[in-house]
Amino acid sequence: MNDTGQTGEKKKSKRTAGERVLQRDPERTKAAILEAATQEFAENGMGGARVDAIAERAGTNKRMLYHYFGDKEQLYLRVLEEAYVGIRTAERELHISDRNPEEGITELALFTWRYFLKHPEFLSLLGTENLHRARWLRQSVRLKELHSHLIGELAQVLERGKKEGVFIESADPLHVYLTIASLGYFYLSNQYTLSTIFGRPLIEVENLDTWERHIVHVTLASIKR
């Protein structure tokens, strides 16, 4: 057998060994599949993603993927859910309702912007799901519960700010969150076209830091007395 053939056999043997390890560890297998699926869906969207590619990325096979997640659509929904669970769980750890009103809003704004920066796959998944008009997202009961907690805690912060005379009476928790999220999402999801059109590298650290401060300023300015 030539060197190329031997190399191919070694790779096949190594991959097979890896698959056996994953098969003996269900939780590890599911985690590997979810991670691989997240990458595949983020890069190629729902239509362009391939089950074969996901299985290969995860170091397993399609049989295991179907066993744990059903079909491609169910796997995609699970990826969406986990993506939202990630950001909502991290938001809970901010405990914004324990802070003074201005500080709570500031922390939420900073957190959201920095989370978007660290998780570009989350923004890609949002873009894909919006192209499909939230077809899969609407199927998830789990996500509705997560979002209600965020809006509830944000409402508490705003209500306290109103009582203290810091925020205007019309300040709405959903509007505040949409302000924060849209300022971050639009900037990052359109960074390439905007950088090209206006001749300014938006992704450079100095520009990112400036925009971070702008998000906080605009958000607070929109609700302060």
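No experiment lies behind these values; they were computed from the predicted model shown.

(A) Layout of the packing of aromatic side chains. Under the defined criterion, the tally for this structure stands at eight aromatic pairs. Ring centres of Y115 and F122 lie 6.2 Å apart, and the angle between their planes is 85°; on these two criteria the pair is classed as edge-to-face.

(B) Structural detail: the packing of helix 6 (residues 101-118) against helix 9 (residues 173-189). As a packed pair, helix 6 and helix 9 sit with axes 10 Å apart at the nearest point and diverge in direction by 30°. Overall, the two elements helix 6 and helix 9 adopt an arrangement that is roughly parallel. As for the relative orientation of helix 6 and helix 9, their crossing is right-handed in sense. Judged by residue contacts, I105, L108, A109, T112, W113, F116 and L117 of helix 6 engage V176, Y177, I180, A181, G184, Y185, Y187 and L188 from helix 9.

(C) Main features of the confidence of the model for the chain. Looking at the chain as a whole, its pLDDT mean stands at 90, while 89% of the residues score no less than 70. Segment residues 10-14 is flagged for pLDDT under 50; beyond a separation of four residues in sequence, or across chains, it makes zero contacts in the model.

(D) Representation of the side chain of E81. Secondary-structure assignment places E81 in helix 5 (residues 72-92). If we ignore the near neighbours within four places in the chain, the residues touching E81 are S140, R142 and L143.

(E) Quick peek at the packing of helix 2 (residues 26-48) against helix 3 (residues 51-58). Between helix 2 and helix 3, whose axes approach to 8 Å, the crossing angle comes to 135°. The angle between helix 2 and helix 3 falls in the class oblique. Our pair here, helix 2 against helix 3, has a crossing hand that is right-handed. Seen from helix 2, the contacting residues are A32, I33, A36, A37, Q39, E40, F41 and E43; seen from helix 3, they are A53, I54, R57 and A58. Taken together, the residues of the contact of helix 2 with helix 3 break down into eight nonpolar, one polar and three charged.

(F) Examining unusual backbone geometry more closely. Positive phi, normally seen in glycine, also occurs at R133, with a value near 55°. The phi torsion at A134 lies on the positive side, around 60°, for a residue other than glycine. Secondary-structure assignment places A134 in the loop between helix 7 (120-131) and helix 8 (141-163).

(G) Structural context of the nonpolar core. Membership of the largest hydrophobic core comes to 60 residues, with the highest contact counts inside it found for F41, I54, L75, I105, F122, L154 and L158. Apart from residues no more than four positions distant in its own chain, I105 is found in contact with L154, V157, L158, F167, V176, I180, T219, L220 and I223.

(H) Broad picture of the side chain of K162. When you line up the elements, K162 lands in helix 8. Notably, K162 is buried but unbridged: the nearest opposite-charge side chain belongs to E159, and the N-O separation is 4.3 Å. Polar contacts involving the side chain of K162 include one to the main-chain carbonyl oxygen of E169, which spans 3.1 Å. Not counting chain neighbours up to four residues away, the residues in contact with K162 comprise F167, I168, E169 and A171.

Thresholds applied
Residues numbered from 1 in each chain as written. Predicted model: local features only at pLDDT ≥ 70, side-chain atom pairs only at ≥ 80, totals over all residues. Heavy atoms only, no water. Phe/Tyr/Trp six-rings, centres within 6.5 Å; stacked < 30°, edge-to-face > 60°. Axes fitted to C-alpha atoms, helices over the stretch in contact; angles between N-to-C directions. Helix = DSSP H or I, 4+ residues; strand = E, 2+ residues; numbered from the N terminus. Parallel < 35°, antiparallel > 145°, perpendicular 65-115°, else oblique. Left-handed = near helix turned anticlockwise from the far one by under 90°. Contact = heavy atoms within 4.5 Å. pLDDT = per-residue confidence, 0-100. Nonpolar A, V, L, I, M, F, W, Y, C, P; charged D, E, K, R; others polar. Core = buried A, V, L, I, M, F, W, Y, C linked by side-chain atoms within 4.5 Å. Buried < 20%, exposed > 50% of the residue type's maximum accessible area, 1.4 Å probe, protein only. Lys, Arg positive; Asp, Glu negative; His and termini not counted. Salt bridge = Lys/Arg side-chain N within 4 Å of Asp/Glu carboxyl O. Polar contact = N/O pair within 3.5 Å; in protein donor to acceptor, adjacent residues only side chain to side chain.

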